[in-house]
Amino acid sequence: MKGDPKNLGFATRAIHAGNPPDPTTGAVVTPIYQTSTYVQDGVGGEPEYEYGRVQNPTRRGLEINIAALEGGVDGHAFATGMAAIQTLMTLLEVGDHTVVSHNVYGGTFRFFTQVLSRYGLEFSWVDTTDLAAVRAAIRPETRMVYVETPTNPMMEVTDLAAIAELAHEHDAVLVVDNTFLSPYFQRPLEHGADVVVHSATKYLNGHSDAMGGLLVSSTPEQAEWFAFVSKSAGNILAPMEAFLIQRGIKTLAVRMQTHESNTRQVVAMLVQHPAVKAVLYPGLPDHPGHEIQKRQATGFGATLTFDVGSYAAAKRLLERVRVFSLAESLGGVESLISHPASMTHASVPAAERAKLGLTDGLVRISVGIENAEDLVRDLEQALD
Ligand SMILES: Cc1ncc(COP(=O)(O)O)c(C=O)c1O
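Description of the structure in this document. (Residues numbered from 1 in each chain as written. Predicted model: local features only at pLDDT ≥ 70, side-chain atom pairs only at ≥ 80, totals over all residues. Heavy atoms only, no water.)

**Observations regarding the overall build of the protein chain**
(1) Moving on: Of the regular secondary structure elements, the protein chain holds 14 helices and twelve strands.
(2) Moving on: With respect to the three principal axes, the spread of C-alpha positions in the protein chain is 75 × 50 × 35 Å.
(3) Moving on: The 384 residues of the protein chain split such that 54% are buried.
(4) Moving on: Restricting to contacts in the protein chain with at least 6 residues of sequence separation, those with at least 24 account for 71%.
(5) Moving on: Of the roughly 16100 Å² of accessible surface on the protein chain, a fraction of 54% belongs to carbon and sulfur atoms. (Helix = DSSP H or I, 4+ residues; strand = E, 2+ residues; numbered from the N terminus. Buried < 20%, exposed > 50% of the residue type's maximum accessible area, 1.4 Å probe, protein only. Contact = heavy atoms within 4.5 Å. Areas by Shrake-Rupley, 256 points an atom, 1.4 Å probe, with all protein chains shown as cover.)

So this is what it looks like as structure tokens:
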């Protein structure tokens, strides 16, 4: 397309933002600039491209794209979601304190508790659906509030506008890991968040064939810092991965619609199945976060958790599914099923899991975009 897609609709921006025709050949798709360095015109100049760790046109296209989708000032792309979170946390200095959703991704929990705690950063683990608990956890040295909404696997929903206000009253930045809903359904910066994090490995890429992480900044100062840390620490996204994620994002809108409509059919079966004790999905009207999510997002997503009562029942189900694959991760076109207590959240100590209600009977599914009736039938035959 010609011109700036900034003011166009989501699907148009997903396809065109950061993806102009290649200036050298007119290629409609940004090429994979698989190069580590760039020839310079002369000595002492200030070339736009000088070294692959610092600049790469394929990666840059993805960064511009995600900023346009989240409504941020700029984006930065990293080797994985955890690499993005690692860079994000350099906003903090020794002695700074962060209030964190108590049910964040297990890898984030591990990184904060077992790595960053060694460098003088402090964390309080709080149920961020409870604003009074967040308020009580804030200290004079609190500089960050870090949330996932909905959380995985407990599907807890945090009120973004309310928690943003609370964080800002105390001069703390609000960071939202938006991996689960993607900007198609939820754009945290519009509700007052200061930085958005993504594991682009999930819905953004959408095809389970690349890993990546993204940060979206809301101020030029943050963006400048993330660019500086990215060139200094070097945990950047490789060009091939940037290409795959950018290609995935082009179909994000249609994929998310199908993911969600399939999920509605799967949930409708699960809620009435006698072997299922509970279904945790914010799309259900009796879910405690339903009204909040309706307000701050345009959909409920396609990842959900249900309780089959015991480890034995969960194991039986996981071993009997045929269309669903037993695997960690989520957000790909194929449906996945996992056992959080022994897989994604194994790094959370058993006592902490018990406090969260993350019991051995919980099963997490990522509903793909296969035919919904195949997915429903598969779960039914495995549960019977
Ligand atoms: C919500 C969330 N954030 C971050 C991550 C980390 O991303 P990555 O696996 O790309 O490092 C994950 C991975 O599962 C995740 O689910």
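Right, picking up where we left off after that structure.
**As for unusual backbone geometry**
(1) Moving on: The residue after T149, namely P150, is reached through a cis peptide bond having omega -5°.
(2) Moving on: Looking at where P150 falls in the secondary structure, it is placed in the loop between β4 (142-148) and α6 (160-169).
(3) Moving on: The omega torsion across N152 and P153 is 0°, close enough to zero to call that bond cis.
(4) Moving on: Mapped onto the elements of the fold, P153 is located in the loop between β4 and α6.
(5) Moving on: Of note, the phi angle at S329 is positive, near 85°, even though the residue is not glycine.
(6) Moving on: Among the secondary structure elements, S329 is positioned in the loop between β10 (325-326) and β11 (336-338).

**Description of the packing of helix α2 (residues 57-70) against helix α9 (residues 239-249)**
(1) Moving on: For the pair α2 and α9, interaxial distance at closest approach is 8 Å and the crossing angle is 35°. Crossing of α2 against α9: the hand is left-handed. Residues T58, R59, G61, L62, N65 and L69 of α2 pack against P239, A242, F243, I245, Q246 and I249 of α9.
(2) Moving on: For the contact of α2 with α9, the residue count by class is seven nonpolar, four polar and one charged. (Axes fitted to C-alpha atoms, helices over the stretch in contact; angles between N-to-C directions. Left-handed = near helix turned anticlockwise from the far one by under 90°. Nonpolar A, V, L, I, M, F, W, Y, C, P; charged D, E, K, R; others polar.)

**Some thoughts on the site of the ligand**
(1) Moving on: Around the ligand, 13 residues are found, and the nearest of them are G81, D177, S199, T201 and K202.
(2) Moving on: Between the ligand and the protein, one listed contact pairs an oxygen atom with a backbone N or O atom of M82 at 2.9 Å.
(3) Moving on: One nitrogen or oxygen atom from the side chain of K202 is found 2.9 Å from an oxygen atom belonging to the ligand.
(4) Moving on: Considered on its own, the ligand offers 390 Å² of accessible surface; in the complex 94% of this is hidden by protein.
(5) Moving on: In terms of residue class, the shell around the ligand is built from four nonpolar, six polar and three charged. (Near = heavy atom within 4 Å. Polar contact = N/O pair within 3.5 Å; in protein donor to acceptor, adjacent residues only side chain to side chain.)

**Quick look at the sheet that holds strand β6 (residues 195-199)**
(1) Moving on: Spatially, β1-β7-β6-β5-β4-β2-β3 is the arrangement adopted by the seven strands of the open sheet, whose pairing is mixed. Of all strands in the sheet, those bounded by a partner on one side alone are β1 (74-78) and β3 (122-126). When strand polarity is set aside, the average angle formed by the axes of neighbouring strands in this sheet is 20°.
(2) Moving on: Judged from the five bridges that link them, strand β2 (residues 97-101) and β3 form a sheet pairing that is parallel. Residue pairing for β3: V100 is matched across the bridge by W125.
(3) Moving on: Against the sheet, helix α4 (residues 106-115) makes contact with β2, β3 and β4, and its axis sits at roughly 140° relative to β3, the strand it touches most.
(4) Moving on: Sitting on the sheet, helix α8 (residues 220-233) touches β1, β6 and β7 (213-217), and the angle it makes with β1 is about 20°. (Pairing = 2+ DSSP bridges.)

**Thoughts on α9**
Since one α-helical turn is 3.6 residues long, residues separated by three or four positions face the same way.
(1) Moving on: The buried fraction of α9 amounts to eight of the eleven residues, a majority that puts the element mostly inside the structure.
(2) Moving on: Along α9, the residues that are buried comprise P239, A242, F243, L244, I245, Q246, G248 and I249.
(3) Moving on: The inward-facing, buried residues of α9 abut α1 (10-16), α2 and α10 (252-271).

**Let's talk about the pairing of β2**
(1) Moving on: Across the five residues of β2, five count as buried, placing the element largely inside the fold.
(2) Moving on: Crossover β2 to β3 through α4 is right-handed.
(3) Moving on: Two elements, β2 and β4, share four bridges in a ladder whose sense is parallel. Bridging from a neighbouring strand, V99 pairs with V145 of β4. (Right-handed = clockwise from strand over helix to strand, strands pointing away.)

**Looking at the nonpolar core**
(1) Moving on: Judged by nonpolar contacts, the single largest core of 73 residues is most densely connected at L270, F306, L317 and I365.
(2) Moving on: Residues within four places of L270 in sequence aside, it is in contact with V276, V279, L304, F306, I365 and L383.
(3) Moving on: A84, L88, F111 and Y146 belong to the second-largest nonpolar core, a separate cluster that totals 23 residues. (Core = buried A, V, L, I, M, F, W, Y, C linked by side-chain atoms within 4.5 Å.)

**Considerations on the side chain of N19**
(1) Moving on: By the element assignment, N19 lies in the loop between α1 and α2.
(2) Moving on: Classification of N19 by relative accessible area gives buried; the value is 7%.
(3) Moving on: Polar side-chain contacts of N19 include one of 2.7 Å to the side chain of T30.
(4) Moving on: The residues touching N19, leaving out its near neighbours within four places in the chain, are V28, V29, T30 and K250.

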